[in-house]
Amino acid sequence: MEQALGDVGTRDLMFRGEISGLDANTQLGFHIHKAAFDGLDCSSTEGHFNPQEVDHGAWFDDLEGRHVGDLKQLWTNWAGEASYRYQDNQASLYEDDEK
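Criteria and cut-off values
Residues numbered from 1 in each chain as written. Predicted model: local features only at pLDDT ≥ 70, side-chain atom pairs only at ≥ 80, totals over all residues. Heavy atoms only, no water. Helix = DSSP H or I, 4+ residues; strand = E, 2+ residues; numbered from the N terminus. Buried < 20%, exposed > 50% of the residue type's maximum accessible area, 1.4 Å probe, protein only. Contact = heavy atoms within 4.5 Å. Areas by Shrake-Rupley, 256 points an atom, 1.4 Å probe, with all protein chains shown as cover. Phe/Tyr/Trp six-rings, centres within 6.5 Å; stacked < 30°, edge-to-face > 60°. Core = buried A, V, L, I, M, F, W, Y, C linked by side-chain atoms within 4.5 Å.

K.L.:
Is there a simple way to think about the overall build of the chain in this case?
P.N.:
Secondary structure assignment for the chain yields 0 helices and 5 strands. Relative to its full complement of 99 residues, the chain shows a buried share of 27%. Contacts in the chain between residues far apart in sequence, at least 24 positions, make up 49% of those at least 6 positions apart. Of the accessible surface of the chain, which amounts to about 6700 Å², a share of 47% is contributed by carbon and sulfur atoms.

K.L.:
Help me understand the packing of aromatic side chains, please; the structure alone is not making it clear to me.
P.N.:
Any aromatic ring pair is given by two values, namely how distant the centres are and how the planes are angled relative to each other. Summed over the entire model, instances satisfying the criterion amount to 2 aromatic pairs. Summarising the aromatic geometry, the rings of Phe30 and Tyr84 are spaced 4.2 Å apart at their centres and angled 35° between planes, so their arrangement reads as tilted. Of this pair, Phe30 sits in strand β3 (residues 27-31) while Tyr84 sits in strand β5 (residues 82-88), and the two are 54 residues apart along the sequence. No difference in accessibility class separates Phe30 from Tyr84, as the two residues are buried. Joined through ring pairs, the aromatic side chains of Phe30, Tyr84 and Tyr86 make up one cluster.

K.L.:
What's the story with the environment of Ser92 in this structure? I'm lost.
P.N.:
Here Ser92 shows up in the segment after β5. A residue is classified by how much of its surface remains accessible, and Ser92, at 28% relative accessible area, is partly exposed.

K.L.:
What is the right way to read the environment of Ile32 from this model?
P.N.:
Within the secondary structure, Ile32 sits in the loop between β3 and β4 (70-75). C-alpha of Ile32 to C-alpha of Gly47: the two residues are 15 residues apart in sequence and 8.5 Å apart in space. Ignoring any residue separated from it by four or fewer positions in sequence, one finds Ile32 in contact with Phe15, Gly47, His48, Phe49, Val68, Gly69, Leu71 and Ala91.

K.L.:
What should I look at first to understand the nonpolar core in this one?
P.N.:
Nonpolar side chains tend to gather and get buried jointly when the protein is soluble and globular. Counting 11 residues, the largest nonpolar core is built from Leu13, Phe15, Ile19, Phe30, Val68, Leu71, Leu74, Ala82, Tyr84, Tyr86 and Ala91. Sorting the residues of this core by element identifies β2 (13-19), β4 and β5 as the ones contributing at least two each.

The following block contains the structure:
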């Protein structure tokens, strides 16, 4: 996946990517995890990024209704490809949200 993360506002991040090799015509979850994938299994990722320790929710919920790691789902086309573009106002590249 080619990815681009860029600041677009005080507390907004833009997530963009082109993904291929997925199942055709499928809706898939998209998340930020606490830790990096170690190449062995997904348990190394330690779950979704959730610094506020709130319940799991949908990408359109406010921060009280979702953790920061819950992002908008993506849909694949007939060839198993997806274009992803999502601007999130909860995720930040800055620990304290100060620029």
